[in-house]
Amino acid sequence: MKLRRAVIVVADSMGCGAMPDADRYGDEGCDTLGNLARAVGGLTVPNLQRMGLGNIHPIEGIPPSDAPEAFYAELPMLSNGKDTTTGHWEICGIITEKAFPTYPDGFPPEIVKAFEKGTGRGTLGNYAASGTEIIASLGEEHMKTGKLIIYTSADSVFQVAAHEEVVPPDELYRYCEIARRILTGDHPVSRVIARPFMGSPGAFKRTERRKDFALKPPGQTLLDLLKDQSMQVFGVGKIEDIFSHQGLTDSLHTGNNHDGLVTVEKILRERPGQGIIFANLVDFDMLYGHRRNALGYAQAIRDMDAFLPRIVEAMDDDDALIITADHGCDPTFKGSDHTREHVPLLWYSKKLSPGKHLGTRNSFADISATILELFGIPSDLAGVSFASLLGR
């Protein structure tokens with residue numbers, strides 16, 4: 001097929017069943033889409049159903065389509081880990097062989113002391129916790145003392161929470177940049193995350209001014225290769241943070257799923273040219289997966305499904321819409337962390353319908369390998385292209 005523009009929509013954390021090695025992560029039995037659909041009595045998403053989501057994985061309420069509109073497959077994660085950075089890098093052709101370090105018992109004194117010296121503020125917390133719970137527990141003390149709340153999770157993250165009236169977001173971002181410089185070398189933490197919140201004790205609420213400070217990719221990615229060919233590379237949502245602004249020609253930082261989808265539609269309609277639109281829809285993970293809210297997660301999927309016709313209508317015949325995920329975060333599972341899962345792949349093009357099964361895939365990186373082949377760009381990135389299967 002001829003490809004003018006690829007639109008990758010990452011439904012953050014929308015996994016579709018445990019990886020064979022899920023037991024290494026304590027994630028046996030996880031299944032974000034399958035389990036949440038059962039928990040809510042079935043999902044009704046007609047547009048995703050017609051594309052073939054139900055052909056990929058058993059999902060209550062989403063039967064397989066006899067003539068799916070999209071090409072479809074289940075993608076395994078080849079990298080070690082189950083975090084946002086690992087998943088997005090793999091989509092773009094980078095396999096993370098050594099998992100990023102985690103700190104289930106909190107960060108060592110040398111890191112905390114360096115952070116306190118660099119920021120000029122004391123710290124509270126320093127343990128693995130749910131973000132909403134640690135803010136509820138320590139928010140009042142933070143407001144009284146000005147000390148920063150630091151915490152982590154089962155993922156490789158150093159999170160810094162602060163009330164916006166105590167520490168303005170721009171100042172919090174500067175503190176996170178200090179942490180990012182500290183967390184390299186022997187402690188290459190995947191992401192430093194700014195977690196601003198507002199409200200009063202008993203009613204704290206995190207705001208949409210979250211910001212991620214990720215490690216730089218260890219080499220060129222799909223985004224760099226396209227940019228080097230003078231193509232447009234749009235990052236929507238937290239893509240700019242995940243890739244440390246590397247490989248992008250334009251970034252549009254959105255606060256929620258709806259804004260992200262509206263931005264994708266707007267780019268399609270108003271910014272013609274060859275290249276890629278790469279969007280992350282964070283609400284699935286941040287608001288519903290980590291908070292183990294199956295009802296909210298299901299509604300977010302329905303909302304995305306209802307918006308999809310607007311994206312499709314804005315596409316040209318030579319555009320491709322790629323819907324996938326970066327890991328799992330099963331809202332019915334134990335704890336509040338990501339889950340080690342396969343992810344779905346739907347590849348839709350107006351002139352290539354009906355679709356078909358793309359066979360057993362190698363990794364998330366098959367997405368980038370396929371895009372690069374269709375653009376005629378040689379590379380040494382990971383992944384096995386399925387471009388030859390995208391025929392009538």
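As the structure is a prediction and not an experimental result, all values here were calculated from the model.

Criteria and cut-off values
- Residues numbered from 1 in each chain as written.
- Predicted model: local features only at pLDDT ≥ 70, side-chain atom pairs only at ≥ 80, totals over all residues.
- Heavy atoms only, no water.
- Phe/Tyr/Trp six-rings, centres within 6.5 Å; stacked < 30°, edge-to-face > 60°.
- Helix = DSSP H or I, 4+ residues; strand = E, 2+ residues; numbered from the N terminus.
- Buried < 20%, exposed > 50% of the residue type's maximum accessible area, 1.4 Å probe, protein only.
- Expected span 1.5 Å × (residues − 1).
- Contact = heavy atoms within 4.5 Å.
- Pairing = 2+ DSSP bridges.
- Salt bridge = Lys/Arg side-chain N within 4 Å of Asp/Glu carboxyl O.
- Axes fitted to C-alpha atoms, helices over the stretch in contact; angles between N-to-C directions.
- Parallel < 35°, antiparallel > 145°, perpendicular 65-115°, else oblique.

S.K.: I keep staring at the packing of aromatic side chains and nothing clicks. Help me out?
M.R.: Working definition: an aromatic ring pair is given by the centre-to-centre distance plus the angle between the planes. Per the counting criterion, the structure on display carries nine aromatic pairs. Pairing Phe-115 with Phe-158 gives two aromatic rings, centres 5.3 Å apart and planes at 75°, and the pair type is edge-to-face. Residue Phe-115 is found in helix 5 (residues 109–119), and its partner Phe-158 is found in strand 5 (residues 157–163); the two are separated by 43 residues along the sequence. Comparing Phe-115 with Phe-158, the two get one shared label, buried.

S.K.: How should helix 7 (residues 169–182) be read in this particular structure?
M.R.: Along an α-helix, residues three or four positions apart point the same way, because every turn accommodates 3.6 residues. For helix 7, with 14 residues, the first-to-last C-alpha span of 20 Å sits near the 20 Å given by 1.5 Å per residue. Taken together, the buried positions of helix 7 are occupied by Pro-169, Leu-172, Tyr-173, Tyr-175, Cys-176, Ile-178, Ala-179 and Arg-180. Tucked into the core, helix 7 has its buried residues touching helix 5, strand 4 (148–152), strand 5, strand 6 (191–198) and strand 8 (211–214).

S.K.: So what exactly am I meant to see when it comes to the pairing of strand 8 here?
M.R.: Two faces belong to every sheet, and in a regular strand the side chains alternate between them. The alternating pattern of strand 8 places Lys-211 and Phe-213 on one face and Asp-212 and Ala-214 on the opposite face, and all of these are buried. Where strand 6 lies against strand 8, four bridges are found, and the strand directions are antiparallel. By the bridge assignment, Val-192 is partnered in strand 8 with Phe-213.

S.K.: Before we go on, may I ask you to explain the pattern of salt bridges in this structure?
M.R.: If the charged atoms of two oppositely charged side chains come close together, the side chains can form a pair. Applying the stated criterion across every chain yields a total of 19 salt bridges. One salt bridge in this structure joins Asp-319 and Arg-4, with 3.2 Å as the shortest N-O distance. Of this pair, Asp-319 sits in strand 12 (residues 319–324) while Arg-4 sits in the segment before strand 1 (5–11), placing them 315 residues apart in sequence. On the basis of relative accessible area, Asp-319 is assigned to the buried category, the value being 0%. In this structure, Lys-211 engages Asp-241 in a salt bridge whose closest nitrogen and oxygen atoms are separated by 3.5 Å. Residue Lys-211 is found in strand 8, and its partner Asp-241 is found in helix 9 (residues 239–242); the two are separated by 30 residues along the sequence. Of the residues examined, Asp-241 reaches a relative accessible area of 2% and is grouped as buried. In the salt-bridge network here, residues are joined through shared partners; they are Glu-265, Arg-269, Arg-310 and Glu-313.

S.K.: Would you explain the environment of Ala-22 in this entry?
M.R.: Positionally, Ala-22 belongs in the loop between strand 1 and helix 1 (32–39). Spatially, the C-alpha atoms of Ala-22 and Arg-340 are 5.5 Å apart, while their sequence positions differ by 318 residues. Each residue touching Ala-22, except ones within four places of it in the same chain, is listed here: Asp-27, Glu-28 and Arg-340.

S.K.: Just checking my understanding: could you explain the environment of Ala-179 for this structure?
M.R.: Structurally, the position occupied by Ala-179 is in helix 7. Judged by its relative accessible area of 1%, Ala-179 is buried. Sequence separation between Ala-179 and Thr-152 is 27 residues; the distance between their C-alpha atoms is 13 Å. Every residue in contact with Ala-179, bar those within four places of it in the chain, is listed here: Phe-115, Phe-158 and Val-192.

S.K.: Before we go on, may I ask you to explain the sheet that holds strand 13 (residues 343–348) in this structure?
M.R.: Strands belonging to one sheet form pairs held by backbone hydrogen bonds; the direction of such a pair is parallel or antiparallel. Strand order in this open sheet of seven strands is 2-13-12-1-11-9-10, and the pairing throughout is mixed. The strands lining the two open edges of the sheet, one partner per strand, are strand 2 (71–75) and strand 10 (250–252). Here the strands of the sheet are splayed against their neighbours by 15° on average, with no regard to which way each runs. Here strand 12 pairs with strand 13 via three bridges, running antiparallel. In the strand pairing of strand 13, Leu-321 is matched with Tyr-348.

S.K.: Sorry if this is basic, but what is going on with the packing of helix 10 (residues 257–270) against helix 12 (residues 294–314) here?
M.R.: Relative orientation and spacing of two packed helices are given, respectively, by the angle between their axes and the distance between those axes. Between helix 10 and helix 12, the least distance of the axes is 9 Å, while the angle of their chain directions is 5°. As summarised for this structure, helix 10 and helix 12 are arranged roughly parallel, according to the angle between their axes. Facing Asn-257, His-258, Leu-261, Val-262, Val-264, Glu-265, Leu-268 and Arg-269 of helix 10, the residues of helix 12 in contact are Ala-300, Met-304, Phe-307, Arg-310, Ile-311, Glu-313 and Ala-314.

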